[in-house]
Amino acid sequence: RNISQAKSVSIRAFLARGYASANIPTTKNFINGQMVESKTTEWIDLKDPATNQVITRVPKSTKQEMEDAVASAKAAYKTWSKTSILTRQQVMFKFQHLIRANMKELAELVTKEQGKTLVDAEGDVLRGLQVVEHCCSITSLQLGETLPSVSKDMDTMTFRVPLGVCAGITPFNFPAMIPLWMFPLALVCGNTYVIKPSEKDPGACMRLVELGKQAGIPDGCVNVIHGMHDSVNFICDHPDIQAISFVGSDKVGRYIYERGSKHGKRVQANLGAKNHGVIMPDANKENTLTQLVGAAFGAAGQRCMALTTAVFVGESKKWIPDLVEKAKKLKVNAGHVADADLGPVISPEAKQRILDLVQSGVKDGANLALDGRKIVVKGYEKGNFVGPTILADVKTDMECYKEEIFGPVLCVLTVDTIDEAIDLINNNPYGNGTAIFTRNGATARKFTQEIDVGQIGVNVPIPVPLPMFSFTGSRASFAGDNNFYGKAGVNFYTQLKTVTSLWREQDVTDSRSATAMPI
Ligand code: NAD
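Residues numbered from 1 in each chain as written. Predicted model: local features only at pLDDT ≥ 70, side-chain atom pairs only at ≥ 80, totals over all residues. Heavy atoms only, no water.

### Quick word on the layout of surface pockets
The rolling of a water-molecule-sized probe over the atoms marks out the regions of remaining empty space.
No. 1: Of the voids in this model, the largest pocket is the one considered here, and its volume is about 1400 Å³.
No. 2: As for the largest pocket, its lining consists of 48 residues, and the residues nearest its centre are Phe172, Glu199, Lys200, Ser249 and Val252.
No. 3: Breaking the lining of the largest pocket down by element, the ones donating at least two residues are strand E3 (43–47), helix H9 (229–237), strand E10 (241–247), helix H10 (250–262) and helix H13 (348–363).
No. 4: In terms of residues, the lining of the largest pocket owes the most to one element, H13, which gives five residues.
No. 5: Of the residues in the lining of the largest pocket, the class split is 22 nonpolar, 13 polar and 13 charged.
No. 6: Of the voids in this model, the second largest pocket is the one considered here, and its volume is about 390 Å³.
No. 7: What lines the second largest pocket is a set of 18 residues, and nearest its centre among them are Arg127, Phe174, Arg303, Ile462 and Val464.
No. 8: When contributions to the lining of the second largest pocket are tallied by element, the ones reaching two or more residues are helix H5 (118–135) and helix H11 (285–297).
No. 9: Ranked by residues supplied to the lining of the second largest pocket, first place goes to H5 with five residues.
No. 10: Class assignment for the residues of the lining of the second largest pocket results in 11 nonpolar, three polar and four charged. (1 Å grid on protein atoms, 1.4 Å probe; cavity = no way out; pocket = protein on both sides within 12 Å on 5 of 7 lines; lining within 4 Å. Points joined across faces, edges and corners; volume = space filled by probe spheres on them. Helix = DSSP H or I, 4+ residues; strand = E, 2+ residues; numbered from the N terminus. Nonpolar A, V, L, I, M, F, W, Y, C, P; charged D, E, K, R; others polar.)

Written as C-alpha cells, this is what we have:
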C-alpha cells in the first residue's frame, strides 16, 4: 500500500510539474535564423519583479545548441563578410525603422521582465536605437587610410576589415539598449554574432533579433543562446569566437576579461560604478536637487550611471533636507502603472542585498534621512519594491559607500572645498561617471580637468555620450582598449589590413636581387 501511495504521489507531482510547465511559455534559442526550443533539462524561472509570478522559463542552452550557434555564425560569416557595405547599411536602415515602429511593444517587454517604468523602458529602447542609427553611417565609419607614393611607384592602403564571429554577454538592467550596443555594430562591420542576454530578462533581445531578421539580417548572422556560467565559459573558451563584448558587474567582468584574453580574444568590458554628484553652493538649487533625485532614484537606482553619491560642498549642505523632501514625492509602483516614478528592483535577492547595505550604513553611523525599506505597494504586495532611501553623514570607509548598491539608495557626504571633493572622487576606484552642479565656469573647468573619471557632466546628471561619441567609463569601470560604440566601437569590431603595392610599367634593368633593407 505504501509503495502504491508513493507512486501515486510521484505521478501527481510529475503531472503537476508538467501542467505548470505546459502553461508557462519558454524562451527559445535563436539559431540560424530560427526560434528553437531548447532540449535542456535545466531551466531558469523568470519572474515579474512586480509580482514574483513566473512569466517565462529561460533555458540553460545545451553544449550542442551553443556549438550550433557558433557553427551557424561561422558559416554565415563567409558570405556576410563579403556583402557590400551598402547592403549592410541598407539592412541597418530597415532595422532602425522597425525598432522605431515597434518601440512601444519593445518597451512593454522590458517593463514586464525588468520592472522599470514604461516611459523609462522607452528610453532604454531609444538609446539602443540611436546606436543602430549611427551604424547607418558605416560608409564613413569604416573608411581606411591611403598614402600614395610611399616610395617610387609604391602606394599603401589600410583597410578596416571584420574579425569573424564575435560574442556579447549582457546585464539585466538595460535589456534592449545593451544588446543594441553590441550586435548591430559588429554586424554592420561585417562580423557575425552570438549573444547571451541576461537570463533575468532576455525578452527584448529575442524580439530585437526577430526584427533584425525582418530587416534582412541573413540567417546565422546573429544567434542567441542562454544560461549563466556554462554559456559564459563556452564563449570565453571557444576557438571560433574572436572577440567578446561584456557589460555587467565587476567580478564577472574581470573574470570574463581574463578568461577571454587568455584564449587570445579581444575583450571590451564595461563594469560596475559608483558615480558622484558634486553640489557647489553657487549651483541653481532647484534644478540641481531635481536632477539629483531623478538621477539617483530613476530605474530604482539600477543604472550603471545612476548618481548614487551626492557630495555637498560647503554651504550647499543646508539643502539636504530639501533633497529629502523632493525624494519623498516620488511614486513607487509597478512599472506599467501610469504615474510610477520608479518600479521594483530585479529580484528578492537584489532587494535583500540593498536592505543589508542600508542596514550596514545605519550600523556604521550614517543618518537614515529617508527610509524606503518598508514600503508596500497596494496590489503588488509580493513585488521587490524599495522606496527612495537617503543615507546622510556617510563616510568613505563605510560599506554602503564602498559597495555599488544598485538600488534606490542615495549616499550623502559633505566636504568643505572643491579640492576635497575632487580628491574623494579620484580616490574611489570606479571611473564610470560624475557630475558637478555649479554656475561658475572656472570651477567647472577645474573639475573637468582634474577629475579622473571617464564621463563628466557639467549641470548634466547622467552624462552618457550619444553614439557618435563612445561610452568612456574608465579605471575600475572598464577593462579593455576600445570602448563601446562610436569610433572606438568600430575599432573594436575591426582589424587593420594594410596593402603595399608597386605598379611600374617598365621591367627592371638591374636584375640583381637586393638582400639589404632598402634605404
Ligand atoms: P552580472 O555581472 O550579474 O551579469 C552580467 C552577465 O554575466 C549576465 O549575462 C549573467 O548571466 C552573467 N553572469 C552573472 N554571474 C555570472 C557568473 N558567476 N559567472 C558567469 N557569468 C555570470 O550583472 P547584472 O547584475 O546583470 O548587471 C548589473 C551590473 O552591471 C552593475 O554592476 C552595473 O554597474 C553593471 N553595468 C555596467 C554598465 C556600464 O556600461 N559600465 C552598464 C550596465 C550595467
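Let's pick the thread back up.
### Quick notes on empty space enclosed by the protein
No. 1: On inspection of all chains with the given rule, the structure shows three cavities of 30 Å³ or more.
No. 2: Of the pockets and cavities examined, the largest cavity occupies roughly 80 Å³.
No. 3: A class-by-class count of the residues in the lining of the largest cavity yields six nonpolar, four polar and three charged.
No. 4: Taken together, Arg127, Gln130, Val131, Met177, Trp181, Val464, Pro465, Leu466, Pro467 and Tyr485 make up the lining of the second largest cavity.
No. 5: Looking at the lining of the second largest cavity, the elements that each hand over two or more residues are H5 and helix H7 (177–188).
No. 6: Looking at which element gives the most residues to the lining of the second largest cavity, the answer is H5, with three residues.

### Quick look at a nonpolar patch on the surface
No. 1: On the surface, Met157, Phe159 and Val499 cluster together into a nonpolar patch covering about 220 Å² of accessible area.
No. 2: When you line up the elements, Met157 lands in strand E6 (residues 154–162).
No. 3: With a relative accessible area of 31%, Met157 lands in the partly exposed category. (Patch = residues over 30% accessible without salt bridge, like charges linked within 9 Å, V, L, I, M, F, W, Y side chains within 5 Å. Areas by Shrake-Rupley, 256 points an atom, 1.4 Å probe, with all protein chains shown as cover. Salt bridge = Lys/Arg side-chain N within 4 Å of Asp/Glu carboxyl O. Buried < 20%, exposed > 50% of the residue type's maximum accessible area, 1.4 Å probe, protein only.)

### Quick word on the environment of Ser513
No. 1: For Ser513, the location among the structural elements is in the segment after strand E22 (494–502).
No. 2: Separated by 42 residues in sequence, Ser513 and Phe471 have C-alpha atoms that sit 52 Å apart.

### Overview of the sheet that holds E22
No. 1: Taken together, three strands build an open sheet; the order of strands is E5-E6-E22 and the sheet is antiparallel. If you trace the sheet from one side to the other, it starts and ends with strand E5 (145–151) and E22, each paired once. Adjacent strand axes in the sheet meet at a mean angle of 25° when their direction is disregarded.
No. 2: Note that E6 and E22 share nine bridges and pair antiparallel. Its bridge partner being in E22, Phe159 is matched across the sheet by Lys497. (Pairing = 2+ DSSP bridges. Axes fitted to C-alpha atoms, helices over the stretch in contact; angles between N-to-C directions.)

### Concerning the site of the ligand
No. 1: Not every one of the 27 residues close to the ligand is listed here, only the nearest: Thr170, Glu199, Ser249, Leu271 and Glu404.
No. 2: Between the ligand and the protein, one listed contact pairs an oxygen atom with a backbone N or O atom of Phe172 at 3.0 Å.
No. 3: Take Asn270: an N or O atom from its side chain is 2.9 Å from an oxygen atom of the ligand.
No. 4: Notes on the ligand: free accessible area 840 Å², of which the protein chains cover 89%.
No. 5: Counting atoms within 2 Å of the grid points, the majority share of the ligand lands in the largest pocket.
No. 6: Among the secondary structure elements, those contributing two or more residues to the shell around the ligand are H7, H9 and E10. (Near = heavy atom within 4 Å. Polar contact = N/O pair within 3.5 Å; in protein donor to acceptor, adjacent residues only side chain to side chain. Sits in = over half its atoms within 2 Å of the grid points.)

### Topic: the sheet that holds strand E13 (residues 307–313)
No. 1: The strand order across the open sheet formed by seven strands is E14-E15-E16-E13-E12-E18-E19, and the pairing between neighbours is mixed. Because the sheet does not close on itself, it has two edges, and the strands there are strand E14 (367–370) and strand E19 (456–458). Each neighbouring strand pair of the sheet contributes to a mean axis angle of 20°, computed without reference to strand direction.
No. 2: Here strand E15 (residues 389–392) pairs with strand E16 (residues 409–415) via three bridges, running parallel. Bridge assignment links Leu391 to a residue of E16, and that residue is Cys411.

Limitation: the analysis is restricted to geometry and does not speak to function.
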